[in-house]
Amino acid sequence: MSTLKIFRSVFVVAVISLLVVPLGAQTVNMRLEFQDYDVMFLSDFIDVTTQKLAPNIPNIYLELRTDVPIRVYLTVEAFVQLKGESQEPVFTVNPRTKAFDLSGTRIVSSRDFSESSTSDIQIEKGYVENTALKTKLENYAKRFPTAPVGTYQIIMKAYTAGTTQQIGAASRTIEIRNASVGEVQVTLIDPQEGATLLTTLPTFSWNSEKPNVTLYIYEKLAIHRSPQEAVQGIPHLKVDLSGISTYTYPPTAQRRLEENKGYYWYVETSVSTNRGIEKRQSEIRFFRVVPASTGGDAASNPYVVFLQRLGETDESLRTAVNRLIAAEWQPSGAVLVDGRRITQEEFVQLVNNLVQTNTKIQAKVEDR
């Protein structure tokens, strides 16, 4: 075959290819913005009176972008996997929009999809809800104001109008981790309530479901009548921490702990909701720092240990002892048994004998 014939054959194939294959496949870049939340309030997404999509949902939108004008329609898929259950589709027949013109960049919000919308983007009739899942969620919503714990996924796809040619897609998966803000707990471990510490650089420890916490320490002043009043002032130390559950008071801190002074401490974490950030705080505990030379560690004081053990089964005694310790009370004076003064060593031996013989001990708190 001559060179001319080969050239003609290649030219004919190229022309046919240009007629069959478009110069550039039309695409739609899509981005679905849907923030992740620990807790989600259902009434902000669903109109409770009509059971329809709320017309104005903040912080949720779909961004569409195309380089060339095009006419498209969208489809919506949604899946829910409640905690401990298998994944279920929200729709058995997925919703789709009417065709609309797209040029450049466009932001689509929940208002465009609501039934009262006058937008050119409207959901067509004909989609079918998963009635079993709908009933399950409705029964849950009657008892609780927030979404149940689980995984929620939304998938949106774009198609060329009048065809089934997909030209874009976007998806978003969110994890609802808590059914309510109140169930998020922060538990303190050490120092214990009323602890007497021999160091100005103690180590604090806690348990928190959320990895990000803030540790607060406040000095107890003579004017403070309660822990709540003390923590309204300026923190002696405030530090944001992430991914750890222990923290040692830094020797380089601007304000150091001092001997012969008392302090309150607590830990606070944040819970993200679609209505903003809500704080969850642990209990407030008191501790005191004393010089090591005084031997004032509560763990070495048999009177304190004895009273705290009794308080484990007596709420009124525990409250009274903690109140005394918070007021910087140090047990002193004589212990009398049958009218006879005994030493600390004899007191420890007496308590040990009572424990070994399983003797039941009762205590009474008296105000004098």
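Residues numbered from 1 in each chain as written. Predicted model: local features only at pLDDT ≥ 70, side-chain atom pairs only at ≥ 80, totals over all residues. Heavy atoms only, no water.

Chemist: Please provide a residue-by-residue account of the packing of aromatic side chains, values included.
Modeler: For the structure shown, the criterion picks out 10 aromatic pairs. Each ring, one from Tyr140 and one from Phe144, has its centre 4.8 Å from the other, and the planes form 35 degrees; the classification is tilted. Classification of Tyr140 by relative accessible area gives buried; the value is 15%. On the accessibility criterion, Phe144 (36% relative accessible area) is partly exposed. Taken together, the ring pairs in this structure connect Phe204, Tyr263, Trp265 and Phe287 into an aromatic cluster. The positively charged end of Arg96 is found above the aromatic ring belonging to Tyr73, 4.0 Å away from the centroid. (Phe/Tyr/Trp six-rings, centres within 6.5 Å; stacked < 30°, edge-to-face > 60°. Buried < 20%, exposed > 50% of the residue type's maximum accessible area, 1.4 Å probe, protein only. Lys NZ or Arg CZ within 6 Å of the ring centre and 35° of its normal.)

Chemist: Tell me what's going on with the nonpolar core, and back it up with residues and numbers.
Modeler: One finds Phe204, Trp206, Leu215, Ile217, Trp265, Val267 and Phe287 to be the most contacted residues of the largest nonpolar core, which totals 21 residues. Listed by contribution, the elements that provide at least two residues to this core are strand E11 (186–190), strand E12 (195–197), strand E13 (203–208), strand E14 (212–219), strand E15 (237–242), strand E17 (261–273) and strand E19 (285–289). What Trp206 contacts, discounting residues up to four positions off in sequence, is Thr187, Leu188, Ile189, Val213, Leu241, Ile244, Ser245, Thr246, Tyr247 and Val267. (Core = buried A, V, L, I, M, F, W, Y, C linked by side-chain atoms within 4.5 Å. Helix = DSSP H or I, 4+ residues; strand = E, 2+ residues; numbered from the N terminus. Contact = heavy atoms within 4.5 Å.)

Chemist: Describe the pairing of E17, listing the residues and the values that go with them.
Modeler: Of all the 13 residues making up E17, 11 are buried; the element is thus mostly covered by neighbouring parts of the structure. Across 7 bridges, the pairing between E14 and E17 is antiparallel. Each residue of the ladder has a partner; that of Ile217, found in E17, is Trp265. Bridging between E17 and E19 involves 5 bridges; their strand directions are antiparallel. Each residue of the ladder has a partner; that of Gly262, found in E19, is Arg288. The pairing of E17 with strand E18 (residues 276–281) spans 6 bridges and is antiparallel. (Pairing = 2+ DSSP bridges.)

Chemist: Could you give me a rundown of unusual backbone geometry, with the residues and numbers involved?
Modeler: Backbone phi values are negative for most residues with the exception of glycine, while trans is the configuration of most peptide bonds. Residue Pro191 follows Asp190 across a cis peptide bond; omega there is 0 degrees. Structurally, Pro191 can be placed in the loop between E11 and E12. The phi torsion at Asn260 lies on the positive side, around 65 degrees, for a residue other than glycine. Of note, Asn260 is situated in the loop between strand E16 (246–248) and E17.

Chemist: Explain the pattern of salt bridges to me, using residue names and the numbers behind them.
Modeler: Taken as a whole and judged by the stated rule, the model has 17 salt bridges. The partner of Asp101 in a salt bridge is Arg71, and the shortest N-O contact between them spans 3.0 Å. Pair noted here: Asp101 is in strand E7 (residues 100–109) and Arg71 is in strand E4 (residues 60–82), with a separation of 30 residues, a long-range link. For Arg71, a relative accessible area of 41% corresponds to the partly exposed category. The salt bridge involving Glu88 is made with Lys136; its shortest N-O contact spans 3.0 Å. (Salt bridge = Lys/Arg side-chain N within 4 Å of Asp/Glu carboxyl O.)

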